[in-house]
Amino acid sequence: MPTLDITAGVLKKLLPTPAELPWLAHVRSVTVDGPPRNEDLDGPGWAPGDHSVLLGNRFPRTPGPYTAVLVSLEGFDGFDFLGGSRPVADATVVRMAALWSWSFQATAPGSDRLSSFHALADKLADNTRLDEGRLRLPPSPAPTTVIQRHIADRITDGAVPVALRLPTGEHAPAWYRGPLTPVPAAAADGLARADCADGTLVFRKSPGVYDVGYAAAFTLGQLLALADPHLQQALMAVRQEALRAVHRSLNTPEGSARQELEALVGQNIDQKITDGLGHTWPTTPTPASAPVPTLGSGAGFGPGEVIAALTAAHADRELDPALRAAAETAGRAVAETAGQHTPRIADRLPARRDVLHQAPFHHLVPHEAVLPEHSARFFHIDTAWLDTVIRGALHIGATSVLDRHLGTLLAERLTLGESTGPQTGCLVRSPLIAAWPDLLVEAYDDSKHRLAVDAARPLPDVLMLLFPSVMPHRLLLREPPHGLTSGIDELNQHHLGTLNFRAPKQMQIGTRTVQAGESTGWEITGISTRPAAPEVLQIVTGDQQHPGLSELLAAFYREHQLAWEERLGPAAAALQLLNSAGYLELKAAPHIRHGADRP
């Protein structure tokens with residue numbers, strides 16, 4: 001058995017007195033509601049049954065590494081270092097059996113006030129109270145002009161100012177808003193038929209600036225598709241199959257449709273070339289002819305669009321009925337091809353949840369002031385933004401009108417626009433997130449039903465929580481449970497400590513019901529340590545001028561008229577010294593509180 005050698009003089013300063021020893025050991029009965037879980041059975045000291053609890057009466061002296069040793073006092077009860085009458089010289093080395101040992105690291109309370117869960121929770125709660133708890137820039141003063149009102153409205157919607165580079169190379173002011181919005185996003189028209197990033201730009205006539213959020217989403221979708229060769233192969237396959245379907249539709253038994261198409265294309269080219277020869281450039285622009293319709297414009301994929309796409313002919317050209325019939329057949333073949341390949345494409349596309357996890361963080365939070373350090377921000381999810389990312393992926397490498405139309409058809413068959421995936425969420429930025437990687441998260445609606453939570457860490461100090469529907473009424477971030485630790489809640493420079501009194505059983509304090517183990521809001525002050533050894537807690541002194549912890553507890557129970565049987569024994573002292581796991585409670589309103597769990 002391992003042993004520990006220590007001098008008798010040190011033992012006199014550190015060992016509990018015979019009167020204190022009973023206060024440092026007791027038995028607790030552990031029960032579990034319902035069948036015991038695996039973690040209840042496997043965790044040290046948590047299995048149902050009776051368990052012995054031993055408390056130490058020492059505090060670390062200085063910051064640094066420590067080793068705690070549990071020793072056996074058997075056979076030493078007659079010596080003076082344990083209160084007996086047999087004297088032992090201070091320099092005499094006493095060898096004791098070491099029953100158990102463990103190591104820990106102590107930090108100075110003043111060196112880093114954000115070194116504990118409670119300190120970080122305090123900071124997070126305080127900073128979140130300063131704002132409305134919404135994911136947006138800090139609100140500006142009350143607007144007075146049209147421009148100021150526009151800026152205030154855009155900030156309220158969650159947008160941030162950015163610089164847009166125009167095709168001419170100039171830079172112009174614009175707005176950007178990602179998929180995480182402080183309020184539900186308004187519906188955007190025209191996104192369902194967009195087949196390029198420019199088609200998703202939103203122009204705000206007053207005061208004449210662009211909103212580039214959806215255009216950035218479309219481009220992000222294309223970039224995500226570039227990173228997935230399997231998706232590119234699947235899109236290439238459906239495009240090749242659609243083109244073959246068009247060729248088959250035009251290869252009628254008589255061959256008239258294909259021949260007429262070829263003749264029409266040749267006629268257009270010859271006419272444009274010959275019409276331009278020998279003529280000077282006009283000094284005044286002539287009215288533009290009717291634009292060629294493109295696939296994906298208008299109400300659907302009609303024969304006129306097919307003909308225009310395949311021949312680049314004008315929409316008002318008279319066409320042979322057989323040619324129109326062939327075009328209609330080609331349109332149906334393309335639609336059938338899209339339907340056949342939709343499941344394969346869907347397997348390769350990211351879901352809305354995956355888009356949020358794969359998007360670069362600056363697409364989600366475009367400015368640091370939107371999510372400052374030590375803050376929690378609630379948000380809604382703009383599903384149209386996420387769908388635009390997927391549409392961008394479907395249009396990667398599109399080189400023809402037919403390719404772009406196929407992207408639109410696939411998007412329609414993928415039921416984009418329906419309310420699937422997460423709808424709300426919360427972002428928490430704090431060193432607490434990095435320091436506690438096993439942080440426990442619980443969310444509840446206003447009916448106290450627990451909500452599913454999808455948790456991710458896009459950055460080491462950022463926690464992103466996604467919820468399936470409503471904004472949670474209560475959000476709890478809990479410190480992971482650990483082995484029971486004990487200590488004084490506060491110890492000042494005069495070695496006098498304070499304890500936050502925990503209820504020994506369910507109590508009614510004023511209008512508030514306090515459960516057993518929860519803090520009552522009362523404090524026990526004046527808890528002292530030994531004069532000769534400031535790191536040793538005094539449990540029993542027998543001195544009314546300098547009472548120990550047990551005597552302070554007895555006086556406190558009498559003062560608050562608590563029953564005598566509730567204050568007797570070491571279990572009551574252990575309950576007051578208990579340091580349990582902490583928690584932080586947030587509400588979407590938000591109302592915030594923090595504290596420690598009851599044991």
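Residues numbered from 1 in each chain as written. Predicted model: local features only at pLDDT ≥ 70, side-chain atom pairs only at ≥ 80, totals over all residues. Heavy atoms only, no water.

**Student:** How do you make sense of the overall build of the protein chain when you look at a structure like this?
**Tutor:** The number of helices and strands found in the protein chain is 16 helices and 25 strands. A total of 599 residues make up the protein chain; the buried ones form 41% of that total. Intrachain contacts of the protein chain at a sequence separation of at least 6 include 70% that bridge at least 24 residues. For the protein chain, the accessible area works out to roughly 32,300 Å², and carbon and sulfur atoms hold 55% of it. (Helix = DSSP H or I, 4+ residues; strand = E, 2+ residues; numbered from the N terminus. Buried < 20%, exposed > 50% of the residue type's maximum accessible area, 1.4 Å probe, protein only. Contact = heavy atoms within 4.5 Å. Areas by Shrake-Rupley, 256 points an atom, 1.4 Å probe, with all protein chains shown as cover.)

**Student:** Help me out: how do you make sense of the environment of Pro-458 in this one?
**Tutor:** As for its position among the elements, Pro-458 is in strand β14 (residues 454-459). By relative accessible area, which is 33% here, Pro-458 ends up partly exposed. Considering only alpha carbons, one finds Pro-458 and Pro-360, 98 residues apart in sequence, at a separation of 8.4 Å. Ignoring anything within four residues of it in the chain, the contact list for Pro-458 reads Phe-361 and Met-464.

**Student:** Looking at this structure, I do not really get the environment of Pro-65. What am I missing?
**Tutor:** Examined against the element boundaries, Pro-65 turns out to sit in strand β4 (residues 64-71). Assessed through its relative accessible area of 65%, Pro-65 is described here as exposed. Separated by 41 residues in the primary sequence, Pro-65 and Ala-106 place their C-alpha atoms 6.2 Å from one another. Non-local contacts of Pro-65, meaning those with residues more than four positions away in its chain, are made with Phe-104 and Gln-105.

**Student:** Mind showing me how you'd approach the side chain of Thr-424 here?
**Tutor:** If you trace the backbone, Thr-424 turns up in strand β12 (residues 424-429). Here Val-470 takes part through its backbone oxygen, which lies 3.1 Å from a polar atom of the side chain of Thr-424. (Polar contact = N/O pair within 3.5 Å; in protein donor to acceptor, adjacent residues only side chain to side chain.)

**Student:** It is not clear to me how the pairing of β12 should be interpreted in this structure. Could you clarify?
**Tutor:** Walk down a regular strand and you will see the side chains alternate between the two sheet faces. Most of β12 is tucked away, with six of its six residues classed as buried. The two faces of β12 match: Thr-424, Cys-426 and Val-428 on one face and Gly-425, Leu-427 and Arg-429 on the other face are all buried. Where strand β11 (residues 375-381) meets β12, six bridges bridge the pair, whose relative direction is antiparallel. If you follow Phe-379 over to β12, its bridge partner there is Gly-425. Inspection of the sheet shows β12 paired to strand β15 (residues 462-467) by six bridges, in the antiparallel sense. From the neighbouring strand, Thr-424 faces β15, where its bridge partner is Phe-467. (Pairing = 2+ DSSP bridges.)

**Student:** Is there a simple way to explain the sheet that holds strand β10 (residues 209-211) in this structure?
**Tutor:** The pairing of strands in a sheet comes from backbone hydrogen bonds and takes either a parallel or an antiparallel form. On the basis of which strands lie adjacent, the open sheet formed by four strands has the order β6-β7-β10-β9 and mixed pairing. The open sheet is flanked by β6 (160-165) and β9 (202-204), the only strands paired with a single partner. Averaged over all adjacent pairs, the angle separating strand axes in this sheet is 40°, with direction ignored. In this sheet, strand β7 (residues 171-176) lies alongside β6 in antiparallel orientation, the contact comprising six bridges. The partner of Ala-163 across the bridge, within β7, is Pro-173. Running over the sheet, helix α4 (residues 146-156) touches β7, β9 and β10 and is turned about 45° from β7. (Axes fitted to C-alpha atoms, helices over the stretch in contact; angles between N-to-C directions.)

**Student:** Hey, could you run me through the pattern of salt bridges in this one?
**Tutor:** Any two side chains of opposite charge can pair if their charged atoms end up close together. According to the stated counting rule, one finds 19 salt bridges in the structure shown. The residue Glu-241 makes a salt bridge to Arg-244 at a minimum N-O spacing of 3.0 Å. Of this pair, Glu-241 and Arg-244 both sit in helix α6 (residues 229-250), three residues apart, which is roughly one turn of the helix. Note on Arg-244: relative accessible area 42%, which makes it partly exposed. Of the charged contacts, one joins Asp-387 and Arg-352 as a salt bridge, the two residues approaching to 3.0 Å between their closest N and O atoms. You can see Asp-387 sitting in helix α12 (residues 383-394) and its partner Arg-352 sitting in helix α10 (residues 352-358), a full 35 residues away along the chain. On the basis of relative accessibility, which here comes to 7%, the residue Arg-352 falls in the buried class. Overlapping salt bridges bring together Arg-154, Asp-157, Arg-204 and Asp-211 as one network. (Salt bridge = Lys/Arg side-chain N within 4 Å of Asp/Glu carboxyl O.)

**Student:** Would you take a moment to explain the confidence of the model for the protein chain for this structure?
**Tutor:** When pLDDT is low, close inspection of the predicted coordinates is not appropriate. A residue-level look at the protein chain finds 78% of positions with pLDDT of 70 or above and a mean pLDDT of 80. Within the model, the stretch residues 589-599 combines pLDDT values under 50 with 47 contacts to residues more than four positions away or in other chains. (pLDDT = per-residue confidence, 0-100.)

**Student:** How should the packing of aromatic side chains be read in this particular structure?
**Tutor:** The relation between two aromatic rings is expressed through the spacing of the ring centres and the mutual angle of the planes. Inspection of the entire model under this criterion finds 10 aromatic pairs. Within the aromatic cluster, the residues linked to one another by ring pairs are Phe-501, Trp-522, Phe-556 and Tyr-557. (Phe/Tyr/Trp six-rings, centres within 6.5 Å; stacked < 30°, edge-to-face > 60°.)

**Student:** I'm lost on the side chain of Glu-20 in this one. Help?
**Tutor:** By secondary structure assignment, the location of Glu-20 is in the loop between α1 (8-14) and β2 (25-30). What makes Glu-20 buried here is its relative accessible area of 2%. At 3.0 Å, the side chain of Glu-20 forms a polar contact with the side chain of Arg-530. In terms of polar contacts, Glu-20 uses its side chain to reach the backbone amide nitrogen of Val-540, at 3.2 Å. Excluding residues that lie within four positions of it along the chain, Glu-20 makes contacts with Arg-530, Leu-537, Gln-538, Ile-539 and Val-540.

**Student:** Would you explain the packing of helix α15 (residues 549-559) against helix α16 (residues 570-577) in this entry?
**Tutor:** The axes of two packed helices give the description: the angle between them and the distance between them. Packing of α15 against α16 leaves a shortest axis separation of 11 Å and a crossing angle of 90°. On the basis of their axis angle, the class for α15 and α16 is roughly perpendicular. Every residue of α16 that contacts α15 at Leu-549, Leu-553 and Tyr-557 is listed here: Ala-572, Ala-573, Gln-576 and Leu-577. Split by residue class, the contact of α15 with α16 holds six nonpolar, one polar and no charged. (Parallel < 35°, antiparallel > 145°, perpendicular 65-115°, else oblique. Nonpolar A, V, L, I, M, F, W, Y, C, P; charged D, E, K, R; others polar.)

**Student:** Mind showing me how you'd approach the environment of Gln-508 here?
**Tutor:** Inspection of the secondary structure puts Gln-508 in strand β20 (residues 507-509). Classification of Gln-508 as exposed rests on a relative accessible area of 51%. Of the polar contacts made by the side chain of Gln-508, one reaches the side chain of Thr-513; its length is 2.7 Å.

**Student:** Sorry if this is basic, but what is going on with helix α13 (residues 401-413) here?
**Tutor:** Helical periodicity: at 3.6 residues per turn, an α-helix aligns residues three or four positions apart in one direction. Given a rise of 1.5 Å per residue, 13 residues ought to cover 18 Å, and the 19 Å separating the end C-alpha atoms of α13 matches this to within 8%. By the criterion of burial, α13 is predominantly enclosed, with 10 of the 13 residues buried. Of the residues making up α13, those classed as buried are Val-401, Leu-402, Asp-403, His-405, Leu-406, Gly-407, Thr-408, Leu-409, Leu-410 and Ala-411. Looking at the residues trailing α13, positive phi occurs at Thr-415, about 55°. (Expected span 1.5 Å × (residues − 1).)

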